[in-house]
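# Tertiary structure, described
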Amino acid sequence: MSQILFVLTGAQHWTLADGTQHPTGFWADEAVAPYEAFKASGHQVVVATPGGVVPSVDQTSLSPDANGGQDNADRVAAGLETFTELGQPLSIEDVRIDSGGGPAGFDAVFYPGGHGPMEDLATDSDSGTLLVRTLASGRPLGVVCHGPAALLAAHTQEGASAVYGFRLTGFSNAEEQQAGFANKAKWLLQDRLVEAGAHFDEGEPWAPHVVVDRNLVSGQNPASAGPVAAEIIKMLG
């Protein structure tokens, strides 16, 4: 049995280019699908957020339209009810580093998306340090959809991006355009990851797409969350 650290956004809104605040949080199925997969494989999950705040779900992610129909929306909502760890998060800054250079007590780290990470985790230095340490430790690190925004805060002691030269994916410009936010956002995730020196591997919009490079497992969109979890479970053996 392994213990997996789920790092979620603590943001309840995403500030757009015109200064308006778009309600957001974490994307429900990007947390529920991996959580259920990890638990079904016998692993334990611990949640952490900036400041230890209880994370908020993006209400749009609970709608039938976002889940391919009412049946799936009901399944995701029921999954959130069983994800009791969401109500008792650690604070990211309280996660200790062990002698192996990784997060103490954890065998893998996972970041789901939603637009929330664009607001807080993209600039959170404690999260950035956790990501740097996890990558260096060789322990599996999964990031999905807008979760890779957290990688923008991850820098080596020399100041370089921790994902410079990594092959990875995340929510694409094409998907942001189709979602209606590309012209409203202050910046786009794909652009920033490329600027950081990562090799962005873009799949078809909305289709499952997973990229594995060393111990980094990245997924492009909500449909990729379950496949990312499956890769991490394989890595954990």
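Residues numbered from 1 in each chain as written. Predicted model: local features only at pLDDT ≥ 70, side-chain atom pairs only at ≥ 80, totals over all residues. Heavy atoms only, no water.

Regular strands place their side chains on alternate faces of the sheet. Judged by which residues are buried, strand E7 (residues 141-144) turns out to be covered on both faces: Leu141 and Val143 on one side and Gly142 and Val144 on the other are all buried. Where strand E6 (residues 108-111) meets E7, 3 bridges bridge the pair, whose relative direction is parallel. By the bridge assignment, Tyr111 is partnered in E7 with Val143. Pairing geometry for E7 and strand E11 (residues 216-219), over 4 bridges, is parallel. Note that in E11 the partner of Leu141 across the bridge is Leu216. (Buried < 20%, exposed > 50% of the residue type's maximum accessible area, 1.4 Å probe, protein only. Helix = DSSP H or I, 4+ residues; strand = E, 2+ residues; numbered from the N terminus. Pairing = 2+ DSSP bridges.)

Let us now look at the UniProt feature "domain: DJ-1/PfpI" (unreviewed entry) in the protein chain. UniProt records the feature "domain: DJ-1/PfpI" (unreviewed entry) at residues 30-234, using the numbering of this structure. Secondary structure content for residues 30-234 is 32% helix and 14% strand, and the end C-alpha separation is 18 Å. (UniProt positions renumbered as here; feature names shortened; annotations may be inferred.)

The strand order E5-E4-E1-E6-E7-E11-E10 describes an open sheet built from 7 strands, whose pairing is mixed. Each edge of the open sheet is held by one strand with a lone partner, namely strand E5 (90-91) and strand E10 (210-213). One ladder, built from 2 bridges, connects strand E4 (residues 44-49) with E5; its direction is parallel. The partner of Thr49 across the bridge, within E5, is Ser91. Across the sheet, helix H1 (residues 28-40) lies against strand E1 (3-7), E4, E6 and E7, angled at about 175° from E1, the strand it touches most. Strands E1, E6, E7 and E11 of the sheet are contacted by helix H4 (residues 125-137), whose axis makes an angle of about 135° with E6. (Contact = heavy atoms within 4.5 Å. Axes fitted to C-alpha atoms, helices over the stretch in contact; angles between N-to-C directions.)

In this section: the packing of aromatic side chains. Under the definition given, this model contains 7 aromatic pairs. Ring centres of Phe6 and Phe83 lie 5.6 Å apart, and the angle between their planes is 85°; on these two criteria the pair is classed as edge-to-face. Residue Phe6 is found in strand E1, and its partner Phe83 is found in the loop between helix H2 (70-82) and E5; the two are separated by 77 residues along the sequence. Taken individually, Phe6 and Phe83 each receive the classification buried, so the pair is uniform in this respect. For the ring pair Phe6 and Phe110, a centre distance of 4.9 Å and an interplane angle of 45° mean the geometry is tilted. Separated by 104 residues along the polypeptide, Phe6 in strand E1 and Phe110 in strand E6 bring together distant segments of the chain. For the pair shown, Phe6 and Phe110 are each scored as buried. Every member of this aromatic cluster is reached through a ring pair, and the members are Phe6, Tyr35, Phe38, Phe83 and Phe110. Across from the ring centre of Phe181, 5.7 Å away, lies the NZ or CZ of Lys184, which sits over that ring. Cation over ring: Arg214 sits above Phe166, and NZ or CZ is 3.7 Å from the ring centre. (Phe/Tyr/Trp six-rings, centres within 6.5 Å; stacked < 30°, edge-to-face > 60°. Lys NZ or Arg CZ within 6 Å of the ring centre and 35° of its normal.)

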